[in-house]
Amino acid sequence: MNAITAQEIREDYLRRLDTAISDIPHGLAVELRSGIAEELSSTDPAALEARIRELGSPDEVAQAAIEAGFGGQSQAPAFTPPAATPDPQASAPIPPPAPLPLTETRGYAITSAIILGIGGIVIPFVGWIIGAILVTNSKLWSTGEKLWAIVFPPAATVLAVVVGWAIRAATAPPHVLHPNAPGFEGSAGMGMNPLMPAPFDLVWSVVLVGVVLAPFTAVWLVLRLRGRRNPQK
Amino acid sequence: MIDDVTTQLRRGVVEYCVLGLLAGEPMYGWQLSSELIERDLIASIGTLYPLLSRLRDRELIVVFEQQTESDGPARKYYRLTPAGEDHLARFREQWPPFTSTVSEIIEKGARR
C-alpha cells in the first residue's frame, strides 16, 4: 500500500512539474526533470513528501529555472512532457552520458600503482617498467607526480651507486687502484677496477629499487589519490 | 529576503562556486543544489540546471552516470573537465585582488 502511495505522490509531483516547465527549452527541461526524478525514488511516503518540501512546488522550481535564463537554448523547442509511465526515470530521453575512460578511474590508478610497487619484485625491471607505463597513462595524477614517482627510484639508485663508487675509490688502498703497483692482485675479484661498478653495487641497486624505493613511491601515489576523482593536469 | 544587490552578486559568482564544489569531487544535481542552497547562493534547484547546462555547453563540466548505492538507481554526476579546472584556477587568481580592490573603493566612499 505504502509503495503505491509513494508512487502516486511521485507521479503527481512530476505531472505538475511537466506542466510547469512546458515553456522551458526541451533539453534543459529534460535534464531538470531527470535530476528531480532521481531524488523522488524513495518508497517511503513520509521521506518522499519531506524531499518534495525541500524541492519546493513545481511552479517555484520552474520559475527559478526561467529566472536563471536559458543561455543558448532560448531558441530550442519547448518541453513536451513524456507519456505517463510507472518509471519516471526511464521516460527521460536525454542523451546517454559518456562512459568514464578507464585511465580516469580510481581502479586503474590504484592497480597501476600496485604494479609499479611490486612489479619489479615479481618480474625484475620489466615489471617495474610496465607499472611505470600504466602510471603514466593514468589521468588521476599530475605530470609532476608521475615524473617524481618514475624518475626518483632510478635516479636515487644511480646516485647511490655513484656515491658508493666514489667512497670506495677514495678509500681503496693504492695497490688496488694501480695495476702496476706492488701487491696489486685480483684474487678477491671485487674492487679490481674501481672505474666499473662492482657486482655487489649492481645487486644492491636492484634490491634498492625493487624492494625499497618502488613500493615507497607506489604508496606515495596511492596516498595522493585520496579524495581525488577528477583528472589532473 | 534576497535583495537586488545580493542577487546580482550571487549571479556573478555562483558558476565559479559550482566549479569549486566539483573541484573537490564529482557531484549529482541534488548534492550540488543542497550545498548551494545551504550557503544561500541559490534559492531553488530550478536555478541550478540552467547553470549546469551553460557550463556543459562551454565544456567546463561533463556528466556521467554512476550508481551511488549497491541497490540504488544510477545518478547523473557532474565533474570538471581540464578546461573547467583552468577556468576555476584563473578565477582563483583573480578573486583576491578583485575583492581587495572593490573593498578599497567602497571603503573610501564610506570614509568621505
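Up top is the structure.
Rules behind the numbers
Residues numbered from 1 in each chain as written. Chains lettered and ligands numbered in written order. Predicted model: local features only at pLDDT ≥ 70, side-chain atom pairs only at ≥ 80, totals over all residues. Heavy atoms only, no water. Helix = DSSP H or I, 4+ residues; strand = E, 2+ residues; numbered from the N terminus. Buried < 20%, exposed > 50% of the residue type's maximum accessible area, 1.4 Å probe, protein only. Contact = heavy atoms within 4.5 Å. Areas by Shrake-Rupley, 256 points an atom, 1.4 Å probe, with all protein chains shown as cover. Core = buried A, V, L, I, M, F, W, Y, C linked by side-chain atoms within 4.5 Å. Buried area = accessible area lost by both parts, 1.4 Å probe. Salt bridge = Lys/Arg side-chain N within 4 Å of Asp/Glu carboxyl O. Polar contact = N/O pair within 3.5 Å; in protein donor to acceptor, adjacent residues only side chain to side chain. Nonpolar A, V, L, I, M, F, W, Y, C, P; charged D, E, K, R; others polar.

**Student:** Please give an account of the overall build of chain B that cites residues and values.
**Tutor:** A count of helices and strands for chain B gives four helices and three strands. Ordering the α and β elements of chain B from the N terminus gives α-β-α-α-β-β-α. Per-residue burial over chain B gives 41% buried out of 112 residues. Within chain B, residue pairs in contact and separated by at least 24 positions form 47% of the contacts whose partners lie at least 6 positions apart. For chain B, the exposed area adds up to about 6500 Å²; of that, 51% sits on carbon and sulfur atoms.

**Student:** Residue-level account of the nonpolar core, with values.
**Tutor:** If you look at the biggest cluster of nonpolar residues, it comprises 49 residues, and the most contacted ones within it are Ile 36 of chain A together with Val 18 and Leu 32 of chain B. At seven residues, the largest contribution of residues to this core is made by helix 1 (residues 4-24) of chain B. Those residues in contact with Val 18 of chain B, other than ones at most four positions away along the chain, are Leu 32, Leu 36, Leu 48, Leu 51, Leu 52 and Leu 55 of chain B. Counting 13 residues, the second largest nonpolar core, distinct from the first, contains Ala 113, Trp 128, Val 135 and Leu 221 of chain A.

**Student:** Before we move on, can you summarise the interface of chain A and chain B with the specific residues and values?
**Tutor:** Taken together, the contact between chain A and chain B spans 34 residues of the former and 28 residues of the latter. When chain A packs against chain B, close to 2700 Å² is buried across both sides, 53% of that on carbon and sulfur atoms. Counting every contact that joins chain A to chain B gives four salt bridges. Across the pair Arg 75 of chain B and Glu 39 of chain A runs a salt bridge, and its minimum N-O distance is 2.3 Å. Applying the counting rule to chain A against chain B returns nine residue pairs in polar contact (both at pLDDT 80 or more). Listing elements by their share of the side of chain A that touches chain B, those giving two or more residues are helix 2 (26-38), helix 3 (45-55) and helix 4 (58-68) of chain A. No other element matches the seven residues that helix 2 of chain A contributes to the side of chain A that touches chain B. When grouped by side-chain class, the residues that make up the side of chain A that touches chain B number 15 nonpolar, nine polar and ten charged.

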